[in-house]
Amino acid sequence: MSPPCVLCFFSFLLCIFPIISPALHLPLSQFHHTNLSRDPYQTLNHLVSSSLARAHHLKNPQTSTTTTTTPLFSHSYGGYSISLSFGTPPQILPLIMDTGSDIVWFPCTHRYVCKNCSSSSSPTTNNIPSFVPKLSSTSRLVGCQNPKCSWIHHTNTTQCDDCGNNCTQVCPPYFILYGSGMTGGVALSETLNLGDRTVANFLVGCSIFSSNQPSGIAGFGRGLPSIPSQLKLHKFSYCLISRRFDDSTSSSTLILDNTSELDKKTIGLTYTPFLKNPIVEGKEAFQVYYYIGLRKITVGGRHVKAPYKYLSPGSDGNGGTIVDSGSTFTFMAREIFEPVAKEFVKQVKNYSRARDVEVLTGLRPCFFVKVGEKPVEFPELRLHLKGGAEMALPLENYFAVIGDGAACFTVVTDGGVGGGAEGGVGHSGPAVVLGSFQMQNYYVEYDLRNERLGLKKQLCI
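Everything numeric here is computed off the predicted structure, so don't read it as measured data.

Glancing now at the state of the cysteines. Taken as a whole, this structure holds six disulfides when the rule is applied. Paired through a disulfide, Cys 114 and Cys 117 show a sulfur-sulfur distance of 1.7 Å. Between Cys 114 and Cys 117 the disulfide shows an S-S torsion of about -60°. By sign, it is left-handed. The exposure classification of Cys 114 matches that of Cys 117, with both residues buried. The side chain of Cys 366 participates in a disulfide bridge whose partner is Cys 408; the two sulfur atoms lie 2.0 Å from each other. Its S-S torsion of approximately 110° makes the covalent link between Cys 366 and Cys 408 right-handed. Of this pair, Cys 366 sits in strand β19 (residues 366–368) while Cys 408 sits in strand β23 (residues 406–409), and the two are 42 residues apart along the sequence. With respect to class, Cys 366 is no different from Cys 408; both count as buried.

A few words on the nonpolar core. Counting residues in hydrophobic clusters, the biggest one holds 83 residues, and the most contacted among them are Phe 86, Phe 106, Phe 236 and Tyr 446. The element contributing the most residues to this core is strand β9 (residues 197–211), with six residues. Setting aside chain neighbours within four positions, we find Tyr 446 in contact with Thr 99, His 234, Lys 235, Phe 236, Tyr 238, Phe 274, Tyr 290, Val 323, Arg 452 and Leu 453. Ranked by size, the runner-up nonpolar core spans 25 residues in total, among them Leu 47, Phe 286, Phe 329 and Leu 363.

Time to look at the pairing of β9. In terms of residue burial, β9 counts as a mostly covered element, since twelve of its 15 residues are buried. Sheet topology places strand β4 (residues 105–107) next to β9; three bridges connect them, and they run parallel. Bridge pairing in β9 links Phe 106 to Cys 206. Across three bridges, strand β5 (residues 113–115) lies against β9 in parallel orientation. Considered in β9, the bridge of Lys 115 is made with Ser 211. When strand β8 (residues 182–194) meets β9, the two strands line up antiparallel, connected through twelve bridges. Across the sheet, the residue bridging to Gly 185 is Ser 207, located in β9. The hairpin turn running from β8 into β9, its antiparallel successor, is two residues long, and Gly 195 in that turn takes a positive phi close to 60°.

A word on the packing of aromatic side chains. Under the counting rule described, the total for this entry stands at 23 aromatic pairs. With a centroid separation of 5.2 Å and an interplanar angle of 40°, the aromatic rings of Phe 274 and Tyr 290 are classed as tilted. On the criterion of sequence distance, the pair formed by Phe 274 in the loop between β13 (270–273) and β14 (291–292) and Tyr 290 in the loop between β13 and β14 is long-range, its members being 16 residues apart. Accessibility expressed as a relative area gives 7% for Phe 274, which makes it buried.

Another aspect to go through is the sheet that holds strand β20 (residues 381–385). Reading across from one edge, β16-β15-β20-β21 is the order of the four strands in this open sheet, with antiparallel pairing throughout. Each edge of the open sheet is held by one strand with a lone partner, namely β16 (302–304) and β21 (390–392). For this sheet, the mean inter-axis angle between neighbouring strands, taken without regard to orientation, is 25°. Pairing of strand β15 (residues 294–299) with β16 involves three bridges; the strand directions are antiparallel. Bridge pairing links Ile 297 to Val 304 in β16.

Let us look at the pairing of strand β26 (residues 442–447). Counting buried positions along β26 yields six of six residues, so the element is predominantly enclosed. By the alternation rule, side chains of β26 split into Tyr 442, Val 444 and Tyr 446 and Tyr 443, Glu 445 and Asp 447, which are all buried. Pairing of strand β11 (residues 235–239) with β26 involves five bridges; the strand directions are antiparallel. Directly across from Lys 235, in β26, lies its bridge partner Asp 447.

A word on unusual backbone geometry. Following Thr 88, the chain continues into Pro 89 via a peptide bond in cis, with omega recorded as 0°. Looking at where Pro 89 falls in the secondary structure, it is placed in the loop between β2 (80–86) and β3 (91–98). Cis geometry marks the peptide bond from Arg 364 to Pro 365; its omega dihedral reads -5°. By secondary structure assignment, the location of Pro 365 is in the loop between α7 (355–361) and β19.

What follows deals with the pattern of salt bridges. Under the counting rule described, the total for this entry stands at eleven salt bridges. The salt bridge partner of Arg 334 is Glu 338, with a shortest N-O separation of 2.4 Å. Here the residue Arg 334 and the residue Glu 338 both occupy positions in helix α6 (residues 334–347), the gap between them amounting to four residues, near one helical turn. Residue Glu 338 is classed as buried on the basis of its relative accessible area of 17%. With a closest N to O distance of 2.9 Å, Asp 447 and Arg 452 form a salt bridge.

What follows is about the side chain of Thr 413. For Thr 413, the position within the fold is in the loop between β24 (411–412) and β25 (432–434). What makes Thr 413 buried here is its relative accessible area of 0%. Here Arg 334 takes part through its backbone nitrogen, which lies 3.2 Å from a polar atom of the side chain of Thr 413. There is a polar contact of 3.2 Å between the side chain of Thr 413 and the side chain of Asp 414.

The rules behind each value
- Residues numbered from 1 in each chain as written.
- Predicted model: local features only at pLDDT ≥ 70, side-chain atom pairs only at ≥ 80, totals over all residues.
- Heavy atoms only, no water.
- Disulfide = S-S within 2.5 Å.
- Buried < 20%, exposed > 50% of the residue type's maximum accessible area, 1.4 Å probe, protein only.
- Helix = DSSP H or I, 4+ residues; strand = E, 2+ residues; numbered from the N terminus.
- Core = buried A, V, L, I, M, F, W, Y, C linked by side-chain atoms within 4.5 Å.
- Contact = heavy atoms within 4.5 Å.
- Pairing = 2+ DSSP bridges.
- Phe/Tyr/Trp six-rings, centres within 6.5 Å; stacked < 30°, edge-to-face > 60°.
- Axes fitted to C-alpha atoms, helices over the stretch in contact; angles between N-to-C directions.
- Salt bridge = Lys/Arg side-chain N within 4 Å of Asp/Glu carboxyl O.
- Polar contact = N/O pair within 3.5 Å; in protein donor to acceptor, adjacent residues only side chain to side chain.

Purely geometric stuff here, so don't read any function into it on its own.
In structure tokens form, the structure reads like this:
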């Protein structure tokens, strides 16, 4: 960054907050523009690319008292959002619920800059609501010696730069990379308002700039800065409404619970235990994920053979399955995906392959179907989990009908047709990333006290 740019940014931050440290360094990078299209093939291709980019990020992370309910909305860019209230007086902002990360951040200040974040044709148009610290009497910059500064930087060491015991430096800026975007800003201590409950000194990121982020992020992962950790939740649960309600006013409910009884199971749910997170140097993000045990996959009742090393997480962090609400389509490593896809092709006799559609969407296999004449039928996809839990997915959770002529398998893998345009995802990290598309119309409970995931198929709206 050139000296004039640095001075401009220092001046900008001094206008926002009363005190700022001179030891401020913000990396900048070039951003690439993506637009959602009304064309269904291009829309699916966009979701494939974003799902693969998200999987690449998750697999190769870069380090840089009462029950409360809140509505949960679905969006055409693949995420589910909640509205949270911060500050005094309150300012309400929509945030994407993300179980694959642990930091909570919102667009911040009147001068918030976001590249390629709007559905507008202009890549610099910014119509995203932002939080204004000057309008809140409870906004405070986090100091470099505050333990929460280490939380947002995912480190156990102090973030002060050659500073004594009475250091007045603020926490250095954070920089977070996501699958297809990034964000950067400064750490705030702020009040979170949840109905009639207020949570003081809540750590939240005040992002000054972002790219490819349609809103802020509410991290629900396992780390210290996440919403479950900061609220000391015993469990949280949600039911993801169907994608047909994208961008509508329809919503389901996210439940935040810190009064649950020890060991008590919710009636009607089947449970699978959370697995121990791998501890890998340089891959601290692996400790944030929710790992579950995938024992086997069946297609049409037939067991699909997949190498065990990909189904179970190793001590090196490779393999295993995580649940990620921030991913749209489920990702499977090629060694798992290929036998699953081949089994569908083998069992589907009534429909012919639609290879041109596969090229257009980045999904495979795709088949020509005739919608309306009789119900579209495909073999059942079932995930068998440890502890006896199973997910017999509804058809609409793993095949997407495009117009009135084709249906495509909505699971992605790395490279080639069906692997999208992003290329190789790599073999490191989780082998399966269970995305939100496959979790539609499932009630999902994260029982944090008892280290288990509860599941029940139900209509969410």
